[in-house]
Each structure stands twice: as structure tokens, then as C-alpha cells.
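Working through the structure, step by step
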Amino acid sequence: MFFEPLNLDGRKRSAAHHATRLSKLHGRLAKKLDQVDHAADRVEHAAAVLVEATRQSATHEKMAPSAVFVHLAASQTLGL
């Protein structure tokens with residue numbers, strides 16, 4: 001494999017550098033979007049499980065289900 005001789009033209013080096021950086025950033029963005037999609041799918045699944053559990057407990061109880069309120073701070077999460 002032959003390599004081009006070292007080019008001292010700053011504009012060409014800059015363009016090559018920016019193209020390489022853009023390609024890397026594009027790859028990182030695509031990976032992060034996949035992670036966000038996966039996390040959103042998990043949240044939707046957990047919400048569906050919670051809704052189904054709530055419906056089943058409401059139909060099995062003879063009394064009216066009581067409301068439960070949970071207050072979470074901005075940094076807290078509700079694990080299922």
C-alpha cells in the first residue's frame with residue numbers, strides 16, 4: 001500500500017481533520033441514539049407492566065383500590 005507524501009497545505013490537512021472528526025462524532029451520535037431508543041423501550045415496557053399490575057389488583061380486590069402517591073425529587077427514579 002502506498003501513502004501520499006506529507007502534504008504541508010494547511011487547508012487540506014484541516015479539511016481532512018474536520019472530515020475525520022465529523023465521521024467520529026456521527027458514529028458516537030448514532031450509538032447514543034440507539035441507547036436512548038433502548039432505554040425508551042424499557043421505560044414503555046415497565047409502564048405497561050405497572051398498568052397491567054394495577055388493573056389486575058383492582059379487579060381482584062373487592063374494595064375500591066386506594067390511591068398511592070409517590071413524590072420523587074428530580075434526581076430520583078422509580079425502580080420496578
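See above for the structure.
The present account deals with the structure reproduced in this document.

Criteria and cut-off values
Once a new chain begins, its residue numbering starts again from 1 and follows that chain's sequence as written. For this predicted model, a pLDDT threshold of at least 70 governs which residues receive local features, and a threshold of 80 or more governs which side-chain atom pairs are given and counted, while totals over whole chains, interfaces and linings are taken from all residues. For the side-chain quantities, the full set of heavy atoms in the structure was used; hydrogens and water were omitted. Counting from the N terminus, the helices are DSSP H or I runs at least four residues long and the strands are E runs at least two residues long. Partly exposed describes any residue whose relative accessible area lies between the buried limit of under 20% and the exposed limit of over 50%, with all areas from a 1.4 Å probe on protein chains only and scaled to the type maximum. Accessible surface area values rest on a Shrake-Rupley calculation with a 1.4 Å probe, where residue burial reflects the displayed protein chains alone. Nonpolar side chains (Val, Leu, Ile, Met, Phe, Trp, Tyr) within 5 Å and like charges within 9 Å form the patches, drawn only from residues with over 30% relative accessible area and no salt bridge. Here, a salt bridge means any Lys or Arg side-chain nitrogen found within 4 Å of an Asp or Glu carboxyl oxygen. Under the convention used here, Asp and Glu are negative, Lys and Arg are positive, and both His and the chain ends fall outside the count. A single reference atom marks each charge: NZ on Lys, CZ on Arg, CG on Asp, CD on Glu.

On to the overall build of the protein chain, then. Along its length, the protein chain carries one helix and zero strands. In the protein chain, buried positions account for 0% of the 80 residues. Here the protein chain displays about 8200 Å² of accessible surface, and carbon together with sulfur accounts for 62% of that area.

Another aspect to go through is a negative patch on the surface. There is a patch of like negative charges on the surface, built from D34, D37, D41 and E44. The residue E44 is located in helix α1 (residues 10–60) in this model. On the basis of relative accessibility, which here comes to 55%, the residue E44 falls in the exposed class.

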